[in-house]
Amino acid sequence: ILNVEQSPQSLHVQEGDSTNFTCSFPSSNFYALHWYRWETAKSPEALFVMTLNGDEKKKGRISATLNTKEGYSYLYIKGSQPEDSATYLCASPFRAAGNKLTFGGGTRVLVKP
Amino acid sequence: GAVVSQHPSWVICKSGTSVKIECRSLDFQATTMFWYRQFPKQSLMLMATSNEGSKATYEQGVEKDKFLINHASLTLSTLTVTSAHPEDSSFYICSVTSLASVRNEQFFGPGTRLTVL
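Below is a summary of the structure that appears in this document. Because the structure is predicted, anything quoted here is derived from the model rather than measured.

Focus on the state of the cysteines
Summed over the entire model, instances satisfying the criterion amount to two disulfides over all chains. Disulfide pairing is shown between Cys23 of chain A and Cys90 of chain A; the S-S distance is 2.0 Å. Every disulfide takes its handedness from the sign of the S-S torsion; for Cys23 of chain A and Cys90 of chain A that torsion is 80°, giving right-handed. In this pair, Cys23 of chain A is assigned in strand β3 (residues 19–24) and Cys90 of chain A in strand β9 (residues 86–92), connecting sequence segments 67 residues apart. In this pair, the class of Cys23 of chain A matches that of Cys90 of chain A, namely buried. Disulfide pairing places Cys23 of chain B opposite Cys94 of chain B at an S-S distance of 2.0 Å. Around the S-S axis, the bridge from Cys23 of chain B to Cys94 of chain B shows a dihedral of about 80° and counts as right-handed. Within this pair, whereas Cys23 of chain B is found in strand β3 (residues 19–25), its partner Cys94 of chain B is found in strand β9 (residues 90–97), the two being separated by 71 residues in sequence. The buried category is assigned to Cys23 of chain B, whose relative accessible area is 0%. Cys13 of chain B forms no disulfide, and the closest cysteine sulfur to it belongs to Cys94 of chain B, at a distance of 19 Å. Residue classification places Cys13 of chain B among the buried residues on the basis of a relative accessible area of 9%.

Overview of the layout of surface pockets
Here the largest pocket defines a volume of roughly 920 Å³. Lining the largest pocket are 28 residues, with Trp38, Thr87 and Arg108 of chain A together with Gln38 and Lys41 of chain B sitting closest to its centre. Among the elements of the structure, β9 and β11 (107–112) of chain A are those that each provide at least two residues to the lining of the largest pocket. Residue composition of the lining of the largest pocket, by class: 10 nonpolar, 13 polar and five charged.

Things to note about the environment of Ser10 of chain A
Here Ser10 of chain A lies in strand β2 (residues 10–14). C-alpha of Ser10 of chain A to C-alpha of Gly106 of chain A: the two residues are 96 residues apart in sequence and 8.2 Å apart in space.

Focus: the interface of chain B and chain A
Chain B puts 21 residues into the contact, and the matching count from chain A is 20 residues. When the two sides are added together, the surface that chain B and chain A hide from each other amounts to roughly 1700 Å², 59% of it contributed by carbon and sulfur. Looking only at chain B, the three residues that lose the most surface to chain A are Arg103, Asn104 and Phe108 of chain B, adding up to 37% of its buried area. Between the two partners, chain B and chain A, sit one salt bridge. Two residues, Lys100 of chain A and Glu59 of chain B, come together in a salt bridge whose shortest N-O distance is 2.8 Å. In this assembly, chain B and chain A are joined by five residue pairs in polar contact (both at pLDDT 80 or more). Broken down by secondary-structure element, the contributors of at least two residues to the side of chain B that touches chain A are β4 (32–38), β5 (44–51) and β9 of chain B. Counting residues per element, the side of chain B that touches chain A draws most heavily on β4 of chain B, at four residues.

What counts, and where the lines are drawn
- Residues numbered from 1 in each chain as written.
- Chains lettered and ligands numbered in written order.
- Predicted model: local features only at pLDDT ≥ 70, side-chain atom pairs only at ≥ 80, totals over all residues.
- Heavy atoms only, no water.
- Disulfide = S-S within 2.5 Å.
- Helix = DSSP H or I, 4+ residues; strand = E, 2+ residues; numbered from the N terminus.
- Buried < 20%, exposed > 50% of the residue type's maximum accessible area, 1.4 Å probe, protein only.
- 1 Å grid on protein atoms, 1.4 Å probe; cavity = no way out; pocket = protein on both sides within 12 Å on 5 of 7 lines; lining within 4 Å.
- Points joined across faces, edges and corners; volume = space filled by probe spheres on them.
- Nonpolar A, V, L, I, M, F, W, Y, C, P; charged D, E, K, R; others polar.
- Contact = heavy atoms within 4.5 Å.
- Buried area = accessible area lost by both parts, 1.4 Å probe.
- Salt bridge = Lys/Arg side-chain N within 4 Å of Asp/Glu carboxyl O.
- Polar contact = N/O pair within 3.5 Å; in protein donor to acceptor, adjacent residues only side chain to side chain.

Honestly, it's all geometry; don't read function into it.
Put into structure tokens, the structure is as follows:
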């Protein structure tokens, strides 16, 4: 079973505060880890594609780290703003599954003004 | 990334009717398209993978005669929910990728909300 899990399921953050949440995945046969941001009524938007252990990627106030040996990735939001409110999905294209992505359940972030 | 559209964005139909959902890749040659379904408070569940010009490959538990997929060109795939029933009410979303995509990166449409009465 190829499991990708995210925690927490939901998060309430005060505007201006920083936050982070986790994606865990099987560490064996790792290929890549994708992060998406999904705002209500919009298409999921690709944030990062991560491949190397220790990798850190940044896009504006959002950054992500990757630990392939222990099978987790953190996504950080610095100085959260209301427009950061969205569901953040991680997904992994396991080699055994060909080019398919296995998604985590998502972390729903609500930033309160 | 690719721009992907879906039509309709929402649809309400009577039980027993068939509903067709279109997924269009507007600026991207999508050699592969995926169809997902999302139940409330659950993750995206892959229904099927379709390669242009080939028959779709369905995931375990997905009825191929119920969910007909056609991927006739590099820019269009359709999902037809045949003889829809209330349990088919869900959010359906497509994505596209190609051999040139980075590590199987997919680009998503905005989804279609289907409600079967």
